[in-house]
Amino acid sequence: MTLTQSYLTPEEYLDIERVSPFKHEYVQGQIVAVASASKAHAIITGNLSALLVNHLRNSGCIAYAMDMKVRLPTLNLFYYADLSVTCDKRDRISSEDFILHPKLIVEVLSDSTEAFDRGDQFSGYKSIPELEEYVLIHQQQVLVERFQRKSDNLWVPQIYRTNEQVEFDSIGFTCAIADLYDNLEQLSQ
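Residues numbered from 1 in each chain as written. Predicted model: local features only at pLDDT ≥ 70, side-chain atom pairs only at ≥ 80, totals over all residues. Heavy atoms only, no water.

(A) Layout of the state of the cysteines. Within the structure shown, the criterion is met by one disulfide. There is a disulfide in this structure between cysteine 61 and cysteine 87, and the S-S distance comes to 1.9 Å. As the torsion about the S-S bond is roughly 105 degrees, the cysteine 61-cysteine 87 disulfide counts as right-handed. Of this pair, cysteine 61 sits in the loop between α2 (39-56) and β3 (62-65) while cysteine 87 sits in the loop between β6 (83-86) and β7 (98-99); the two residues are 26 residues apart in sequence, bridging distant segments of the chain. Residue cysteine 61 is classed as buried on the basis of its relative accessible area, which comes to 18%. With a relative accessible area of 24%, cysteine 87 lands in the partly exposed category. Looking at cysteine 175, it has no disulfide partner, and the nearest cysteine sulfur is the one in cysteine 61, 17 Å off. The class for cysteine 175 is buried, based on a relative accessible area of 5%. (Disulfide = S-S within 2.5 Å. Helix = DSSP H or I, 4+ residues; strand = E, 2+ residues; numbered from the N terminus. Buried < 20%, exposed > 50% of the residue type's maximum accessible area, 1.4 Å probe, protein only.)

Structure follows, in structure tokens:
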């Protein structure tokens, strides 16, 4: 849903977003509302965030969950990644409410966002030179898809399923796939 039809500069968008009670992404001058997350989505994101914060402690890398924007200046875009990791010192300016140089981006798929996450959003993220891995985590089944950059135009997929270990080579991280889905069994259908 587009909030406004008039063109906004990135700076105007950031000013609006800082005071808005709702999250919006920025797509080439337009503000687009971000859908709220399901309980399953929040649990998966929280599980991975906790694992990554502990893994990255004292590494010089920082994990951001859900409320951090990724800026794509060459495409005139800002997206909210479900989870991102940056190890780049240029992303440490505390007054900026976005990062520019993530090496890992994770999206938790939902029915309403899956096509976008796989399509336009992934296409946009590919423009980030520092991005090494893009990960999609399914909510409805135990399944993780990792896309690893091998060259500018080559992204190699890796699928992880039940009882397997998930690996994010970009940050030297490994965990049981079950750890990502921990506590989902407590939700009733």
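(B) The arrangement of the sheet that holds strand β5 (residues 77-80) in detail. The strand order across the open sheet built from five strands is β2-β1-β5-β4-β7, with neighbouring strands paired in mixed fashion. Two strands lie at the open edges of the sheet, namely β2 (30-33) and β7, each paired on one side alone. Two strands pair when backbone bridges link them, and strand β4 (residues 69-72) and β5 are joined in this way by four bridges, in the antiparallel orientation. Bridge pairing links leucine 72 to leucine 77 in β5. (Pairing = 2+ DSSP bridges.)

(C) Spatial organisation of the sheet that holds strand β10 (residues 143-151). Taken in spatial order, the six strands line up as β3-β6-β8-β9-β10-β11 in an open sheet, and their pairing is mixed. Taken across any chain shown, the strands that pair with only one partner, and hence form the sheet edges, are β3 and β11 (154-161). The sheet shows a mean angle of 15 degrees between the axes of neighbouring strands, direction not considered. On top of the sheet, α2 reaches β3, β6, β8 (102-109) and β9 (133-138); it is set at about 15 degrees to β6, its chief contact. (Axes fitted to C-alpha atoms, helices over the stretch in contact; angles between N-to-C directions. Contact = heavy atoms within 4.5 Å.)

(D) Fine view of the nonpolar core. Within the largest apolar cluster, 25 residues are counted, with the highest numbers of intra-cluster contacts made by Leu48, Leu52, Val85, Ile137, Val144 and Leu180. At the level of elements, α2, β6, β8, β9, β12 (165-168), β13 (173-176) and α5 (177-180) are the ones that each hand at least two residues to this core. At five residues, the largest contribution of residues to this core is made by α2. When neighbours within four sequence positions are excluded, valine 85 is seen to be in contact with Leu52, Leu56, Cys61, Ile62, Ala63, Pro102, Lys103, Leu104 and Ile171. Ranked by size, the runner-up nonpolar core spans 17 residues in total, among them Leu72, Tyr125, Leu131 and Phe147. (Core = buried A, V, L, I, M, F, W, Y, C linked by side-chain atoms within 4.5 Å.)

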